[in-house]
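Report on the structure
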Amino acid sequence: MAAGLGVRVAAVAGACALLLAMLALMPARGWAPPGDGAVAADCNWQRHAKRVVKHVRLHGRLRKVVRTRRWWTCEETQAPNSALPLPPAQPTPPPSQPEPEANVVGVTAEDAVGSFGYTLSRPSTRSGRVRVELNNQGEDPHNLNLQRQGSEEEPVYQLANTLPKGHSVASFELPPGTYRLWCSLLEHDAEGMHTTLVVE
């Protein structure tokens, strides 16, 4: 009876060893060794091996089982003359509309003795959004007020007090008309710090 049991255990151990040997010889799943039909042209196949040691209890005794595990890996290679893939083409932006010419009026304030006044960069401008720039070249602070002539009820557009050698900027929606420009500080308007601007 003991002999029959020993034969059976030996058969099972042999079958296990055979199965382990077959698994060790099979390539890793998903990889194909050189010579197989699945080999890619741009693949450099590398064979690997690893020694595996396991301790197995057999017939009441601990035995050491040594096997070698083998597998293949693919390291992608690039042909020397093959071009790198090009990045996806960027969509061509639609042709941009030319920017409208800036609607800007420069106003220079000067206050030399006996010569108070404004000098405009242009005598007229287009109606709509107008950018007004006050450049104080005088020795006193100055401001700028704009009002369309024809009625005292017209709104007054203002640029705040600007220190000597200072610069102020504001934008206004100006409808067509003739505008009076003046400085409201002290007696500056009476001394000649005023002018007119035509908005067409």
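Residues numbered from 1 in each chain as written. Predicted model: local features only at pLDDT ≥ 70, side-chain atom pairs only at ≥ 80, totals over all residues. Heavy atoms only, no water.

**Examining the pairing of strand S7 (residues 142–148)**
Of all 7 residues in S7, 6 are buried, a share of seventy percent or more. Bridge count between S7 and strand S8 (residues 156–162): 5 bridges; the pairing is antiparallel. Bridge assignment links Gln147 to a residue of S8, and that residue is Val156. Sheet topology places S7 next to strand S10 (residues 177–182); 4 bridges connect them, and they run antiparallel. (Buried < 20%, exposed > 50% of the residue type's maximum accessible area, 1.4 Å probe, protein only. Helix = DSSP H or I, 4+ residues; strand = E, 2+ residues; numbered from the N terminus. Pairing = 2+ DSSP bridges.)

**Regarding the side chain of Asp111**
Turning to its location among the elements, Asp111 is positioned in strand S3 (residues 104–112). An unpaired buried charge is present at Asp111: no salt bridge exists, and Lys165, the closest side chain of opposite charge, is 7.4 Å distant. Engagement of the side chain of Asp111 in a polar contact is seen with the backbone nitrogen of Glu139, the distance being 2.8 Å. Of note is the side chain of Asp111, whose polar atom sits 2.9 Å from the backbone nitrogen of Asp140. (Lys, Arg positive; Asp, Glu negative; His and termini not counted. Salt bridge = Lys/Arg side-chain N within 4 Å of Asp/Glu carboxyl O. Polar contact = N/O pair within 3.5 Å; in protein donor to acceptor, adjacent residues only side chain to side chain.)

**Quick notes on the pattern of salt bridges**
Enumeration according to the criterion identifies 4 salt bridges in this entry. For the salt bridge of Glu173 with Arg129, the shortest nitrogen-to-oxygen distance reads 4.0 Å. Here Arg129 lies in strand S6 (residues 128–136) and Glu173 lies in strand S9 (residues 167–174), a separation of 44 residues in the sequence. By relative accessible area, which is 49% here, Arg129 ends up partly exposed. Arg131 is the salt-bridge partner of Glu133, the closest N and O atoms lying 2.8 Å from each other. Judged by its relative accessible area of 36%, Arg131 falls in the partly exposed class.

**Quick look at the confidence of the model for the protein chain**
Residue-level pLDDT values for the protein chain average 80, and 76% of them are 70 or greater. Looking at the elements of the protein chain, mean pLDDT is at its lowest for helix H1 (residues 2–25), recorded as 73, and at its highest for S10, recorded as 94. (pLDDT = per-residue confidence, 0-100.)

**Details of the packing of aromatic side chains**
Scanning the entire structure with this criterion turns up 1 aromatic pair. Aromatic side chains Tyr157 and Phe172 sit 5.3 Å apart centroid to centroid with 50° between the ring planes, which places their arrangement in the tilted category. Separated by 15 residues along the polypeptide, Tyr157 in strand S8 and Phe172 in strand S9 bring together distant segments of the chain. For the residue pair Tyr157 and Phe172, the accessibility class agrees, reading buried in each case. In this structure, Arg69 is placed above the aromatic ring of Trp71, and the distance from its NZ or CZ to the ring centre is 4.5 Å. (Phe/Tyr/Trp six-rings, centres within 6.5 Å; stacked < 30°, edge-to-face > 60°. Lys NZ or Arg CZ within 6 Å of the ring centre and 35° of its normal.)

**A word on the sheet that holds strand S4 (residues 115–120)**
Strand pairing in a sheet is mediated by backbone hydrogen bonds. Such pairs are either parallel or antiparallel. If you trace the 4 strands from one edge of the open sheet to the other, you get S4-S3-S6-S9, paired in mixed fashion. Strands with a single pairing partner mark the edges of an open sheet, and in this sheet they are S4 and S9. Ignoring strand direction, the axes of neighbouring strands in this sheet form an average angle of 20°. Two elements, S3 and S4, share 6 bridges in a ladder whose sense is antiparallel. Across the sheet, Thr108 pairs through a bridge with Thr119, a residue of S4. (Axes fitted to C-alpha atoms, helices over the stretch in contact; angles between N-to-C directions.)

**Quick look at the sheet that holds S10**
Reading across from one edge, S5-S11-S10-S7-S8 is the order of the 5 strands in this open sheet, with mixed pairing throughout. Looking at the sheet topology across the chains shown, the edges are occupied by strand S5 (124–125) and S8.

**What about the pairing of strand S1 (residues 43–58)?**
Summarising the sheet, S1 and strand S2 (residues 61–76) pair through 16 bridges and their orientation is antiparallel. Looking at the pairing, His48 lines up with Trp71 of S2. As consecutive antiparallel partners, S1 and S2 are separated by 2 residues, and within that stretch His59 has a phi angle of approximately 55°, a positive value.

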